[in-house]
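So you can see what is in the structure, the chains are spelled out below.
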Amino acid sequence: MEAPGLCGGRLDRYFVDRLIGSGAFGSVYHARHVRTEAEVALKVLKRELMADSHLLDRFMKEARTAAAVGDDHTVRVLDAEITPEGVAFIAIEMLDGCDLKAL
(Lines give C-alpha, C1' and ligand atoms only; values in the text may rest on other atoms or scores of the structure.)
Protein backbone atom coordinates (compact mmCIF):
# COMPACT_ATOMS: atom_id res chain seq x y z
CA MET A 1 0.00 0.00 0.00
CA GLU A 2 1.25 3.48 -0.88
CA ALA A 3 1.94 6.03 1.85
CA PRO A 4 1.60 3.90 5.01
CA GLY A 5 -0.64 5.57 7.54
CA LEU A 6 -2.46 7.67 4.95
CA CYS A 7 -5.77 5.88 5.54
CA GLY A 8 -7.56 7.31 8.55
CA GLY A 9 -5.48 10.46 8.35
CA ARG A 10 -5.47 13.73 6.53
CA LEU A 11 -3.79 14.72 3.28
CA ASP A 12 -3.89 18.47 2.84
CA ARG A 13 -7.60 19.41 2.86
CA TYR A 14 -8.90 15.83 2.65
CA PHE A 15 -9.63 13.11 5.21
CA VAL A 16 -8.51 9.81 3.68
CA ASP A 17 -10.92 6.93 4.34
CA ARG A 18 -9.65 3.91 2.44
CA LEU A 19 -7.52 2.61 -0.40
CA ILE A 20 -9.46 2.00 -3.62
CA GLY A 21 -6.62 0.69 -5.77
CA SER A 22 -2.97 1.04 -6.66
CA GLY A 23 -0.74 0.77 -9.68
CA ALA A 24 2.75 1.43 -10.98
CA PHE A 25 2.66 5.20 -10.45
CA GLY A 26 0.55 5.57 -7.34
CA SER A 27 -2.61 4.80 -5.45
CA VAL A 28 -6.20 6.00 -5.41
CA TYR A 29 -8.02 6.62 -2.14
CA HIS A 30 -11.59 7.39 -1.15
CA ALA A 31 -11.51 10.70 0.75
CA ARG A 32 -13.68 13.59 1.92
CA HIS A 33 -13.01 17.32 1.80
CA VAL A 34 -12.49 18.60 5.36
CA ARG A 35 -14.94 21.52 5.03
CA THR A 36 -17.57 20.42 2.52
CA GLU A 37 -17.37 16.67 3.23
CA ALA A 38 -17.64 16.12 -0.53
CA GLU A 39 -16.49 12.63 -1.52
CA VAL A 40 -13.51 12.46 -3.86
CA ALA A 41 -11.08 9.96 -5.25
CA LEU A 42 -7.52 11.05 -4.45
CA LYS A 43 -4.90 9.89 -6.92
CA VAL A 44 -1.57 10.07 -5.06
CA LEU A 45 1.78 9.77 -6.82
CA LYS A 46 4.18 7.26 -5.23
CA ARG A 47 6.67 8.97 -2.92
CA GLU A 48 9.71 7.53 -4.70
CA LEU A 49 8.49 9.03 -8.00
CA MET A 50 7.98 12.53 -6.59
CA ALA A 51 11.73 13.18 -6.75
CA ASP A 52 11.62 12.82 -10.56
CA SER A 53 10.73 16.31 -11.80
CA HIS A 54 9.74 14.96 -15.23
CA LEU A 55 7.20 12.53 -13.71
CA LEU A 56 5.94 15.16 -11.29
CA ASP A 57 5.39 17.62 -14.16
CA ARG A 58 3.65 14.88 -16.15
CA PHE A 59 1.37 14.10 -13.20
CA MET A 60 0.34 17.75 -12.83
CA LYS A 61 -0.08 18.09 -16.60
CA GLU A 62 -2.47 15.11 -16.42
CA ALA A 63 -4.56 17.06 -13.91
CA ARG A 64 -4.65 20.19 -16.10
CA THR A 65 -5.44 18.23 -19.25
CA ALA A 66 -8.22 16.19 -17.64
CA ALA A 67 -9.71 19.34 -16.07
CA ALA A 68 -9.83 20.99 -19.48
CA VAL A 69 -11.82 18.16 -21.11
CA GLY A 70 -15.16 18.89 -19.43
CA ASP A 71 -17.10 16.02 -20.98
CA ASP A 72 -19.99 14.01 -19.51
CA HIS A 73 -18.01 10.81 -20.22
CA THR A 74 -14.97 11.68 -18.13
CA VAL A 75 -14.52 12.27 -14.42
CA ARG A 76 -14.17 15.87 -13.29
CA VAL A 77 -10.87 16.97 -11.81
CA LEU A 78 -11.68 19.00 -8.71
CA ASP A 79 -8.25 19.80 -7.30
CA ALA A 80 -4.53 19.11 -7.72
CA GLU A 81 -1.73 19.96 -5.36
CA ILE A 82 1.76 19.28 -4.15
CA THR A 83 1.72 19.53 -0.37
CA PRO A 84 4.47 21.28 1.61
CA GLU A 85 5.65 17.75 2.50
CA GLY A 86 6.06 17.01 -1.21
CA VAL A 87 3.05 14.71 -1.72
CA ALA A 88 1.45 15.17 -5.14
CA PHE A 89 -2.24 14.38 -5.56
CA ILE A 90 -5.18 14.89 -7.90
CA ALA A 91 -8.73 14.99 -6.49
CA ILE A 92 -11.36 13.71 -8.89
CA GLU A 93 -15.08 13.20 -8.51
CA MET A 94 -16.08 9.95 -6.83
CA LEU A 95 -18.34 7.87 -9.03
CA ASP A 96 -20.56 4.95 -8.10
CA GLY A 97 -20.31 1.92 -10.27
CA CYS A 98 -18.63 -1.40 -10.74
CA ASP A 99 -15.05 -2.26 -11.54
CA LEU A 100 -14.71 -2.73 -15.31
CA LYS A 101 -12.31 -5.62 -14.73
CA ALA A 102 -15.01 -7.39 -12.68
CA LEU A 103 -17.61 -6.63 -15.35
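Everything that follows concerns the structure shown earlier in this document.
All of these numbers come straight from a predicted model, not from anything done at the bench.

(A) Structural detail: the sheet that holds strand E6 (residues 88-93). Ordered in space as E1-E2-E3-E4-E6-E5, the six strands form an open sheet in which the pairing is antiparallel. Both edges of this open sheet fall to strand E1 (10-11) and strand E5 (77-82), since each of them pairs with a single strand only. Here strand E2 (residues 14-22) pairs with strand E3 (residues 26-33) via seven bridges, running antiparallel. Residue pairing in the sheet places Tyr-14 in a bridge with His-33 of E3.

(B) Focus on the nonpolar core. Counting residues in hydrophobic clusters, the biggest one holds 25 residues, and the most contacted among them are Leu-11, Tyr-14, Leu-42, Val-44 and Leu-45. Breaking this core down by element, the ones donating at least two residues are E2, E3, strand E4 (39-45), helix H1 (53-69) and E6. Ignoring anything within four residues of it in the chain, the contact list for Leu-42 reads Leu-11, Tyr-14, Val-16, Ser-27, Val-28, Tyr-29, Ala-31, Phe-89, Ile-90 and Ala-91.

(C) Region of the structure containing the pattern of salt bridges. Applying the stated criterion across every chain, the model contains six salt bridges. The shortest N-O distance in the salt bridge between Arg-13 and Glu-81 comes to 3.4 Å. Note that Arg-13 is positioned in the loop between E1 and E2 and Glu-81 in strand E5, a separation of 68 residues in sequence. By relative accessible area, which is 28% here, Glu-81 ends up partly exposed.

(D) Quick peek at the side chain of Thr-83. Looking at where Thr-83 falls in the secondary structure, it is placed in the loop between E5 and E6. If near-sequence neighbours (up to four positions away) are discounted, Thr-83 is found in contact with Leu-11, Asp-12 and Phe-89.

Thresholds applied
- Residues numbered from 1 in each chain as written.
- Predicted model: local features only at pLDDT ≥ 70, side-chain atom pairs only at ≥ 80, totals over all residues.
- Heavy atoms only, no water.
- Pairing = 2+ DSSP bridges.
- Helix = DSSP H or I, 4+ residues; strand = E, 2+ residues; numbered from the N terminus.
- Core = buried A, V, L, I, M, F, W, Y, C linked by side-chain atoms within 4.5 Å.
- Buried < 20%, exposed > 50% of the residue type's maximum accessible area, 1.4 Å probe, protein only.
- Contact = heavy atoms within 4.5 Å.
- Salt bridge = Lys/Arg side-chain N within 4 Å of Asp/Glu carboxyl O.

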